[in-house]
Amino acid sequence: MRWILLLGLLAAGCADVWNDPYPAAERGRNILYSAFTERPKHLDPVQSYTSDEAEFTQQVYEPPLQYHYLKRPYELVPLTAAEVPQPVTSQGGRYTVYTIRIRPGIRYQPHPAFVPQNQDLARARIERLASPYALPLGTRELTADDYIYQIKRLASPRLHSPILGLMSQYVAGLGDLAERLRKFDTRKGDWLDLRKHRLEGVEKVDRYTYRIRLKGRYPQFVYWLAMPFFAAMPWEAEKFFAQPGMAERNFTLDWWPVGTGPYMLTENNPNARMVLERNPNFRGEPYPAAGEPGDAAAGLLADAGKPMPFVDRVVFSREKESIPLWNKFLQGYYDAAGIPSDTFDQAVRVSVGGEVGLTPEMEAKGIRLRTAVEPTIFYLGVNMLDAAVGGSSARARKLRQALAIAVDWEEYISIFLNGRGRVAQDPLAPGIFGQRTGREGIDPVTHEWQNGRAERRPIGEARKLLAEAGYPDGRDAKTGAPLVLYLDTVGRGPGDKPRFDWWRRQFARLSIQLEIRDTDWNRFQEKIRKGSQQLYILGWNADYPDPENFLFLLAGAQARVPHGGENTSNFVNPEYDALFERMKDMPNSPERQAIIDRMVDIVRRDAPWIGGFHPVAYSLSHAWVMNGKPNSMARNSLKYVRVDADRRAALRREWNRPVLWPAGLLLVLLVASAVPAVLSYRRRERMAAKPA
Amino acid sequence: MLAYIVRRTLYAIPILVGINLITFALFFLVNTPDDVARMQLGVKRVTPEAIQKWKAEHGYDRPLLWNGTAPGAGKFTDTLFFRKSVKLFVLDFGSAEADNRDIASEIRARMGPSLALAIPVFLVGLAVNITFALGMAFFRATYLDFWGVILCVAMMSISSLFYIIGGQFLISKLWHLVPISGYAGGLDAVKFLVLPVLIGVVGGIGAGSRWYRTLFLEEMGKDYVRTARAKGLAESTVMFRHVLQNALIPILTGVVVVIPLLFMGSLLTESFFGIPGLGSYTIDAIQAQDFAVVRAMVFIGSVLYIVGLLLTDISYTLVDPRVRLA
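Residues numbered from 1 in each chain as written. Chains lettered and ligands numbered in written order. Predicted model: local features only at pLDDT ≥ 70, side-chain atom pairs only at ≥ 80, totals over all residues.

## A word on the overall build of chain A
In terms of helices and strands, chain A carries 22 helices and 24 strands. Projected onto its principal axes, the C-alpha coordinates of chain A cover approximately 100 × 75 × 65 Å. Relative to its 692 residues, chain A shows a buried fraction of 42%. For chain A, the share of sequence-separated contacts (at least 6 apart) that also reach a separation of at least 24 residues comes to 70%. (Helix = DSSP H or I, 4+ residues; strand = E, 2+ residues; numbered from the N terminus. Buried ≥ 20, exposed ≤ 12 C-beta atoms within 10 Å, placed from the backbone. Contact = placed C-beta atoms within 7 Å.)

Right, dumping it as structure tokens:
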């Protein structure tokens, strides 16, 4: 009874929260709390190529350019550069030159690499270090040499840059440098000093200016200048981390980024927690003063002109499972979150008219929903080398067109994505130049315009096309054999069964038997490489917002089997390829639009992809988070975000008051359940021996 | 006894070589070195040159088990298996293939959180299970025993995932008593460990208590127990001074072998509670097809299991004077 009273008193008197996962000292501070699911593999800007990693690298490293945070379509603006460089052709168009001028006075974050005595540390000292930041810290000014050094690092034999192959085709001398370094680097030295090795296509003009010379034309190169591959890298950092003993302590440039950005990574435990701290040397870039229509009304221009970043610290906690992450978001311990499929109905309601909104529970908490179509496409591809469905014959084309009508992507999005997708009408993603919208934008092979919207063509039309292809009622007109097709896909376990059943039903609508060849990722990739797949599902996420970055996926020169490129359908159409060659180097213009229209028509007619969809990202944020706007191209968005820490602390207290009565009840039940045992024991002990 | 320990240690070497060979064979039965390279290099813009470079750098450009082109002993030593295996025996695990982080350093960092979870679950669980089992044995053939067994069967039939999700839902989400997930060092770890430890203990009650109850009942049927009762000893004295002591031998057999494996962490609990231990390290490595980490963790697990079996044998001599190791 005393216990129950004590618990009751505790419940009444306890005003604070018990379930706060963060240290008490952090309460009320200007900190942004976020989560990460996958531990990053690389934080070296030469090697890192995933969006998970960019979440960290793009807050620290600064390339010369960036995407405007608010404007759409996406627009490049200067970051450390004084202006967006314009291409200048030389030697009769043989070369294109970009001259990049960076702004003077930009300083690096405090880092031990900038202190000369830290460049020669004893191994014993390194072994005792808890963090590189335990050493004396220094800084220096950003110069053009740092950008040149980083471009040379693309060719380093000690690193694996995913874009070395691509850039070697364009940056003059890069492939040659890679070859020279490969022969030179015997790994006997501790540090490969790239300053001593000349890169023909990159030269320093003055302390703040450098020049990149490209072979031929490559207008999309300017987009690469907004990626961390082309960020500044101080040579001192590479030398510092190359000291013997550093790698054994996991002190490497791959894990401890060094940059000029608004934040610096001061705590690096990819198993549990990563912490970004405000870079005290950051120059205070102003918040944008203009955006797209509606931004001002949404409060996204309230901080216009104010120096960024607004948040002092960003704490990333690792959450491998979606349920704890979601619940901690609802408790206010994460400031923003996506919506797991399991909890979609708890968060979002879709009206009869298709309008998306938050549930009353979410609205009561002041949670905000933001949606954005991703510059990504997932498609059902056809291997054009396959004898049954591939090739350019009218028979095969009609079969593919019939399938393109029959596969109901609208239903797929509704069932498996909770409506979070948009049916792809062409290979381009929404928001990319060249994609038509509305009536002009529909795929006339699969859709028709009815009542102001795109409607999938009736299945009867697909059956007619199938009969014309020589498969009436799903049987070969000559042999009478049923048509059996094969879909290669990467299975994720028993949970895939509904999805596989759905695929079979789509094909069964045309009386076609679909066999699903469920395999692992490696085998799937092997089939794609060898061209032994028939139908398959894949996706592509844009590197940059240019139609070239989507349309090249169907260019003949990129065909996977003969050339090892990204055209996994092995689609080859001479007219398409000729148009692609013309289109890829053109600036956005009506002429380019006309070429893209023709290319899209070819793809729709030949149907190397049997439709697909663009995912729509749904993100939630709490009422105390300001300036949040989805930006699928840029990941350096943390500097724009502001939080109201006092409001967050108050709401966390309100939402997380401990509930103690169940614990008291449990205790009572435990005591009550012990009573019969005690009584039984006493009765037994007092019992007299039974007569024999 | 020393000779016995030395002999058992020597026996362990071929066992470890065999385990390493099996791990190697299983891994490369489903993955080629090219697959491993592709997995680590990502999916976008991976060229054949990049794959060759990665393989050469990580030693995957050698034949798997037999190098026909190498001279002499090189036919065996200049192979992927030999190069990757031999260093394990001097506990040089190298670096992970996925992220180049030093494996030994990772193991040292993750050992603490794993043990912080596993030791309380083990000790508290053992105490609770023995207590509950003794209670059921004490009240054998009564309705208390009957319902106790039913409760045990019900509890062992429930998936551990249910305990985890149910526990997080009730205790963390509805009652706000502890954080749902996370981890911190030092004393701050306590608030994160309360729930996973509680769930670990409760989840183990069913199977553990039933097994111990069986052991106790078996002891209670023996002659010395009847003699003790005939002497007029109280039932509690019979249970705690005689039955419990003699039932310790089979309990030890099952328990001591598990002690070294506590180090390996809990795969599921660590993932759900965000505890950065060795269990989640192993799971991550399997998902990332990081052979270096998988191989190291299997090797350590095998060594610990062998140590556990040895400790079990030694513990026999401590609890049963009749047993002698030679």
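There's plenty left to go through after this.
## So, the overall build of chain B
Scanning chain B for helices and strands turns up 14 helices and zero strands. If you list the helices and strands of chain B from N to C, you get α-α-α-α-α-α-α-α-α-α-α-α-α-α. In terms of overall dimensions, chain B is more spread out than a globule: its C-alpha atoms have a radius of gyration of 25 Å, far above the 20 Å expected for 326 residues. The principal-axis extent of the C-alpha atoms belonging to chain B is close to 85 × 60 × 35 Å. Out of the 326 residues belonging to chain B, those deemed buried represent 34%. Put simply, 66% of the contacts in chain B that link residues at least 6 apart link residues at least 24 apart. (Rg over C-alpha atoms; globule rule 2.2 N^0.38 Å.)

## Quick notes on the domain arrangement of chain A
Here chain A is partitioned into domain 1 (2–18 + 661–686) and domain 2 (376–617). Put simply, the middle of domain 1 of chain A and the middle of domain 2 of chain A, counted by C-alpha atoms, are 65 Å apart. (Domains from an automatic or database assignment.)

## Some thoughts on the sheet that holds strand S1 (residues 31–36) of chain A
Residues and elements named next belong to chain A. Taken together, four strands build an open sheet; the order of strands is S1-S10-S9-S8 and the sheet is mixed. On the outer flanks of this sheet lie S1 and strand S8 (263–269), each paired with one strand and no other. Direction aside, the axes of adjacent strands within the sheet are offset by 20° on average. Bridge analysis of S1 against strand S10 (residues 313–318) gives six bridges, and the strand direction is parallel. Looking at the pairing, Phe36 lines up with Arg318 of S10. (Pairing = 2+ DSSP bridges. Axes fitted to C-alpha atoms, helices over the stretch in contact; angles between N-to-C directions.)

## A word on the interface of chain A and chain B
The interface of chain A with chain B comprises 46 residues on the first partner and 48 residues on the second. When residues of the side of chain A that touches chain B are traced back to their parent elements, those giving at least two are helix H5 (164–170), S10, helix H9 (322–330), helix H16 (521–530) and helix H22 (661–686) of chain A. With six residues, H22 of chain A is the single largest residue contributor to the side of chain A that touches chain B. Its residues assigned to classes, the side of chain A that touches chain B comprises 17 nonpolar, 15 polar and 14 charged. (Nonpolar A, V, L, I, M, F, W, Y, C, P; charged D, E, K, R; others polar.)

## Structural notes on the sheet that holds strand S6 (residues 202–206) of chain A
Residue and element names in this part refer to chain A. Pairing within the open sheet is antiparallel, and its four strands lie in the order S4-S5-S7-S6. The sheet is open, and its two edges are formed by strand S4 (88–90) and S6, each paired on a single side. Each strand of the sheet is rotated relative to its neighbour by a mean of 30°, with strand direction disregarded. Bridge analysis of S6 against strand S7 (residues 209–215) gives four bridges, and the strand direction is antiparallel. Across the sheet, residue Lys204 finds its bridge partner in S7, namely Tyr210. Where helix H4 (residues 144–153) meets the sheet, its contacts fall on S6 and S7, and the angle it forms with S6 comes to roughly 180°.

## Examining the nonpolar core
Of all hydrophobic cores here, the largest spans 160 residues; its most connected members are Ala402, Phe550, Leu551 and Met599 of chain A. In terms of residue count, the dominant contributor to this core is helix H12 (residues 394–406) of chain A (seven residues). The contacts of Met599 of chain A, once residues within four sequence positions are left out, are Leu551, Tyr576, Leu579, Phe580 and Met583 of chain A. The next biggest cluster of nonpolar side chains, apart from the first, holds 19 residues, and it includes Val121, Phe122, Tyr163 and Phe192 of chain B. (Core = buried A, V, L, I, M, F, W, Y, C linked by C-beta atoms within 7 Å.)

## Structural notes on the domain arrangement of chain B
Where interface size is given, it is often the accessible area lost as the parts come together that is meant. All names here are of chain B. Domain parsing of chain B yields domain 1 (2–90) and domain 2 (110–319). Placing a centre on the C-alpha atoms of domain 1 and another on those of domain 2 gives a separation of 36 Å. The interface is formed by 14 residues belonging to domain 1 together with twelve residues belonging to domain 2. Only helix H1 (2–30) and helix H2 (33–41) provide two or more residues apiece to the side of domain 1 that touches domain 2. The residue inventory of the side of domain 1 that touches domain 2, partitioned by class, reads nine nonpolar, three polar and two charged.

## Observations regarding the packing of helix H8 (residues 160–174) of chain B against helix H9 (residues 189–220) of chain B
All names here are of chain B. H9 packs onto H8 with a crossing angle of 135° between their chain directions and a minimal axis gap of 10 Å. Overall, the two elements H8 and H9 adopt an arrangement that is oblique. The two elements H8 and H9 meet at a crossing, and its hand is right-handed. Judged by residue contacts, Ser160, Tyr163, Ile164, Gly167, Ile171 and Ser172 of H8 engage Leu195, Leu198, Ile199, Val202 and Gly203 from H9. Among the residues making up the contact of H8 with H9, the classes are represented as seven nonpolar, four polar and no charged. (Parallel < 35°, antiparallel > 145°, perpendicular 65-115°, else oblique. Left-handed = near helix turned anticlockwise from the far one by under 90°.)

## Concerning the pairing of strand S19 (residues 484–490) of chain A
All names here are of chain A. By the bridge criterion, seven bridges tie S19 to strand S20 (residues 513–519) in an arrangement that is parallel. Along S20, the bridge assignment pairs Val490 with Thr519. Taken together, S19, helix H15 (residues 497–508) and S20 form a β-α-β motif whose crossover is right-handed. Bridge analysis of S19 against strand S21 (residues 535–541) gives two bridges, and the strand direction is parallel. Opposite Asp488, over in S21, you have Tyr536 as the bridge partner. (Right-handed = clockwise from strand over helix to strand, strands pointing away.)

## Observations concerning the environment of Val171 of chain A
Residues and elements named next belong to chain A. Topologically, Val171 is positioned in the loop between H5 and helix H6 (174–184). Residue classification places Val171 among the buried positions, given that 25 C-beta atoms sit within 10 Å. Distance from Val171 to Glu515, taken between C-alpha atoms, is 46 Å for residues 344 residues apart in sequence. Dropping the residues within four chain positions of it, Val171 is found in contact with Gly201, Val202, Ile212 and Leu214.

## What about helix H2 (residues 51–60) of chain A?
Burial analysis of H2 of chain A places eight of its ten residues in the buried class, which makes it a mostly covered element. Of all the positions in H2 of chain A, only Glu53, Ala54, Glu55, Phe56, Thr57, Gln58, Gln59 and Val60 of chain A are classed as buried.

## Focus: the environment of Arg456 of chain A
Residues and elements named next belong to chain A. Tracing the backbone shows Arg456 in strand S18 (residues 453–456). Sequence separation of Arg456 and Val445 is eleven residues, and the distance between their C-alpha atoms is 9.3 Å. Apart from residues lying up to four places away in sequence, Arg456 is in contact with Ile405, Asp408, Glu410, Thr446 and His447.

## With respect to unusual backbone geometry
In this model, Arg72 of chain A is joined to Pro73 of chain A through a cis peptide bond whose omega is -5°. The omega torsion of the bond from Met308 of chain A to Pro309 of chain A falls at 0°, within 30 degrees of zero and hence cis. Structurally, Pro309 of chain A is set in the loop between strand S9 (273–278) and S10. For Asp473 of chain A, which is not glycine, the phi torsion reads 55° and is therefore positive. One can find Asp473 of chain A in the loop between helix H14 (459–468) and S19. The partly exposed category is assigned to Asp473 of chain A, around which 13 C-beta atoms lie within 10 Å. A positive phi is found at Asn100 of chain B, a non-glycine position, where the angle reads about 65°.

## Some thoughts on the pairing of S9 of chain A
Residue and element names in this part refer to chain A. Here S8 pairs with S9 via six bridges, running antiparallel. Among the inter-strand pairings, Leu265 is bridged to a residue of S9, identified as Leu276. From the end of S8 to the start of S9, which pair antiparallel, there are three residues. Bridge count between S9 and S10: five bridges; the pairing is antiparallel. Looking across to S10, one finds that Val275 is bridged to Val315.

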